[in-house]
Amino acid sequence: MKNEFRTLEKSVIGKLSVTSFFCRSFSPEELQAWDKICLEEMKKMEEAIRYQIFHQENNKQLLKYISANQAAMVRILNHLYALFSSAARMVPNKSQFTLLRMGQQLAYKLEDFLGFLADDHPELFNFDRYCSAFFHQRMADIFSRQIAPVQTYLEEHLNNPMLASLIFEPYREFIHISIRKYTYRKIKYLNTLLEQLQQLVDKKLTDSELRMELFMTIIYMNYNATNLFVACSRLIAKTCYEHESTKQQLHYLHLIRKIITQVVPAPKLAFRPERPSLQKQLKQWISQEITYLQTKLDLNQDISLETPLTDTEIKKLHTHLSVAQLACVLKIYMETNAIKNENISEVIRSFAKLVRTDNSRNISEDSLRIKFYNLEHATCERVKELLRRQLDYLDNV
């Protein structure tokens, strides 16, 4: 395999070096020989890699083999890209132009073969390797043609055009960047995201539908860029605090969290794989906001501490159940949605304040929480007996 690449690189670099290319003409025989060598070596290379894919039993060796050859192909493509860039600023003669066109065809074949590895054998392809400058330029040309109409449409139909601008920021950087530092993974992500955004435009949604679909799309695509998370959280906060009452604000946040939770993100897809998902970041942020608002609501509802209630005024519910049995009953009510509050900590805190047992006038919130998360078999059996007696009672009513 190494011999095929050495021959291919030698023929490419030897005949298509930037310095020698513009200093001479090439005979028809030289052109034909160069083209023949490239085709033969490409064919040998493809056969060698395909043979390795289908006959190599040691997966670790196979990964190493493919990765090394992928790097060699990228190196050749970078050389060809440097030549094409130089030729664009000059006027080659007829034989030089013919060889240049042959080199361009070779570049397309190499990229197509890399595409074969990426599409048909993604488990072998190294998506975290920096892509070739040749492929980068091809994708930059595609993005520059496709982005403008999509971005214009979103900016016209969103009440916050800045959000659309943030979404397309990586594309603008990609198109104009001079140092090629994009991996295959990032380019693949940007291409998939653009396809999803184009589908939104094609649906011709109303403005409100478009906002919701866009929000769900970036969560589905796990577009976890920091500036996009900040923008989304600010938009949610702005809409939330436009509601007058704390209860309305809580209801809105619970609704948004429900929408976010119900989106199933695309598997193994992320703008930045090393960061938490956008879904997780937003859920955590919303949960913190809900806790804050719930505490605020509870404080507003509490009677002033300056006029404490006497023992005769505080009427706790008295139960013969133990704290463990009480935690089990509470868990049943939570899991079966009989209690609709989603914040478990707040429910446990309220329950501890409301109820007293035979052995404890003031139930410890921590004790109730520990029993809630660690149900014992004996406790569950006693609660089952209680539930059976309650069912018997209902049967006789």
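Note that the structure is predicted; figures quoted are calculated from it, not measured.

Criteria and cut-off values
Residues numbered from 1 in each chain as written. Predicted model: local features only at pLDDT ≥ 70, side-chain atom pairs only at ≥ 80, totals over all residues. Heavy atoms only, no water. Helix = DSSP H or I, 4+ residues; strand = E, 2+ residues; numbered from the N terminus. Rg over C-alpha atoms; globule rule 2.2 N^0.38 Å. Buried < 20%, exposed > 50% of the residue type's maximum accessible area, 1.4 Å probe, protein only. Contact = heavy atoms within 4.5 Å. Domains from an automatic or database assignment. Phe/Tyr/Trp six-rings, centres within 6.5 Å; stacked < 30°, edge-to-face > 60°. Lys NZ or Arg CZ within 6 Å of the ring centre and 35° of its normal. Patch = residues over 30% accessible without salt bridge, like charges linked within 9 Å, V, L, I, M, F, W, Y side chains within 5 Å. Areas by Shrake-Rupley, 256 points an atom, 1.4 Å probe, with all protein chains shown as cover. Salt bridge = Lys/Arg side-chain N within 4 Å of Asp/Glu carboxyl O. pLDDT = per-residue confidence, 0-100.

1. A closer look at the overall build of the chain
And then number 1: Check the secondary structure of the chain and you find 17 helices and 2 strands.
And then number 2: For the chain, whose C-alpha radius of gyration is 33 Å, the value lies well above the compact-globule estimate of 21 Å for 397 residues.
And then number 3: On the principal axes, the C-alpha backbone points of the chain span a range of 110 × 55 × 40 Å.
And then number 4: The buried share of the chain, reckoned over its 397 residues, is 41%.

2. Some details on the side chain of Gln294
And then number 1: Structurally, Gln294 can be placed in helix α13 (residues 278-301).
And then number 2: In this structure, Gln294 is in contact with Leu250 and Glu346, ignoring residues within four places of it in sequence.

3. Observations regarding the domain arrangement of the chain
And then number 1: According to the domain assignment, the chain contains domain 1 (4-126), domain 2 (135-304) and domain 3 (317-395).
And then number 2: Using C-alpha coordinates to define each centre, domain 2 is positioned 40 Å away from domain 3.

4. So, the packing of aromatic side chains
And then number 1: Within this structure, the stated rule accounts for 14 aromatic pairs.
And then number 2: For the pair Phe113 and Phe116, a centre-to-centre distance of 5.5 Å together with 25° between the ring planes defines the contact as stacked. Taken together, the residues span about one helical turn, with Phe113 and Phe116 both in helix α5 (residues 94-120) at a distance of 3 residues.
And then number 3: Following the ring pairs from residue to residue traces out a cluster consisting of Phe143, Phe168, Tyr171, Phe174 and Tyr182.
And then number 4: Note that Lys331 overlies the ring of Phe372, its terminal NZ or CZ placed 4.4 Å from the centroid.

5. Some words on unusual backbone geometry
And then number 1: Despite not being glycine, Asn222 has its phi angle at roughly 50°, a positive value.
And then number 2: As for its placement among the helices and strands, Asn222 is situated in the loop between α10 (207-220) and α11 (226-240).
And then number 3: We classify Asn222 as buried; its relative accessible area is 9%.
And then number 4: A positive phi angle, near 65°, is found at Asn337, a position not held by glycine.

6. Brief notes about a nonpolar patch on the surface
And then number 1: A cluster of nonpolar side chains, contributed by Leu391, Tyr393, Leu394 and Val397, occupies part of the molecular surface with about 490 Å² of accessible area.
And then number 2: Using a relative accessible area of 72% as the deciding quantity, one classes Val397 as exposed.

7. Focus on the confidence of the model for the chain
Close inspection of predicted coordinates is inappropriate in any region flagged by low pLDDT.
And then number 1: Across the chain, the average pLDDT comes to 83, with 92% of residues at or above 70.
And then number 2: Here residues 302-313 scores under 50 on pLDDT; set against residues more than four positions off or in separate chains, the count is 3 contacts.

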